[in-house]
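Chain by chain, the residues:
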Amino acid sequence: MDLDEVDKGILYLLQRDAREITTQEMAEQVGVSASTVRNRIEQMEADDIIRGYYPDIDYDKAGLQLYVEIICSAPNPRRELLADEARDIDGIISIREVLNGEDNVQIDAVGTDSDDVARITDELSELGLRVVNTKIIKNTVIQPFNHFGEHVVEGDRGE
């Protein structure tokens, strides 16, 4: 699907805060009707451009004090399968497959203590992933990709 300026503006606004903006507010900012915004969102969902809406969770406040990035190595022919199997391990919240290099599976996980992290890395090893490194994450900031319509949104100065 080729995205036009309206689609990009909608994506930008959804990335900024999908929960707190109405289709009417989006419509006013991108210069179309609310029904057009609803139709465009539905089409982008159907085309898997918009794959979901996820909460931004403060895991520390939720009782999961350790937020860890686990760098793994997997044989390229098995990378996708191993990454998919890792999804079933309790505590894993995201998995990224990397196309180049030896450290080709990056996993984010949460736990309450070092025993949790050890259990997760042990289970990853049992699957066949080689754990190369673990890093404790202090903070993550997510922002909208400005290519998606920051320039389209009326009155938005990135503030």
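Coordinates for the structure precede this section.
Right, let's walk through the structure included here. (Residues numbered from 1 in each chain as written. Predicted model: local features only at pLDDT ≥ 70, side-chain atom pairs only at ≥ 80, totals over all residues. Heavy atoms only, no water.)

### Notes on the overall build of the chain
Working step 1: Assigned secondary structure in the chain consists of five helices and four strands.
Working step 2: Going from the N terminus to the C terminus, the chain shows its helices and strands as α-α-α-β-α-β-β-α-β.
Working step 3: Radius of gyration (C-alpha) of the chain: 19 Å, far over the 15 Å computed for a compact globule of 159 residues.
Working step 4: Along the longest, intermediate and shortest principal axes, the C-alpha atoms of the chain span 55 × 35 × 25 Å.
Working step 5: Across the chain, contacts joining residues at least 24 apart in sequence account for 68% of those joining residues at least 6 apart.
Working step 6: Of the roughly 10300 Å² of accessible surface on the chain, 44% is carried by carbon and sulfur atoms.
Working step 7: Positive and negative side-chain charges in the chain, numbering 16 and 35 respectively, have mean positions lying 2 Å apart. (Helix = DSSP H or I, 4+ residues; strand = E, 2+ residues; numbered from the N terminus. Rg over C-alpha atoms; globule rule 2.2 N^0.38 Å. Contact = heavy atoms within 4.5 Å. Areas by Shrake-Rupley, 256 points an atom, 1.4 Å probe, with all protein chains shown as cover. Lys, Arg positive; Asp, Glu negative; His and termini not counted. Charge placed at Lys NZ, Arg CZ, Asp CG, Glu CD.)

### Points about helix H5 (residues 114–127)
Working step 1: Compared with the 20 Å implied by 1.5 Å per residue over 14 residues, the 20 Å span of H5 between its first and last C-alpha is a close match.
Working step 2: Among all positions in H5, only Asp116, Val117, Ile120, Thr121 and Leu124 are buried. The arc that holds every buried residue of H5, seen down its axis, measures 130 degrees, which confines them to one face. In this structure, H5 carries Ser114, Asp115 and Glu126 as exposed residues pointing more than 90 degrees from its buried face.
Working step 3: In the core, the buried residues of H5 are packed alongside strand S1 (66–73), helix H4 (79–86), strand S2 (92–97), strand S3 (105–111) and strand S4 (130–136). (Expected span 1.5 Å × (residues − 1). Buried < 20%, exposed > 50% of the residue type's maximum accessible area, 1.4 Å probe, protein only. Arc of directions from axis to C-beta.)

### Looking at the environment of Tyr54
Working step 1: Looking at the secondary structure, you find Tyr54 in the loop between helix H3 (34–46) and S1.
Working step 2: Counting along the chain gives 50 residues from Tyr54 to Asp4, while the straight-line C-alpha distance between them is 24 Å.

### Some points on the packing of helix H1 (residues 5–17) against H3
Working step 1: Where H1 meets H3, the closest approach of the two axes is 10 Å, and the angle between their N-to-C directions is 80 degrees. Considered as vectors, H1 and H3 are oriented roughly perpendicular to each other. Contacts between H1 and H3 involve Val6, Asp7, Ile10, Leu11 and Leu14 from the former and Val37, Arg40, Ile41 and Met44 from the latter.
Working step 2: Grouping the amino acids of the contact of H1 with H3 by side-chain chemistry returns seven nonpolar, no polar and two charged. (Axes fitted to C-alpha atoms, helices over the stretch in contact; angles between N-to-C directions. Parallel < 35°, antiparallel > 145°, perpendicular 65-115°, else oblique. Nonpolar A, V, L, I, M, F, W, Y, C, P; charged D, E, K, R; others polar.)

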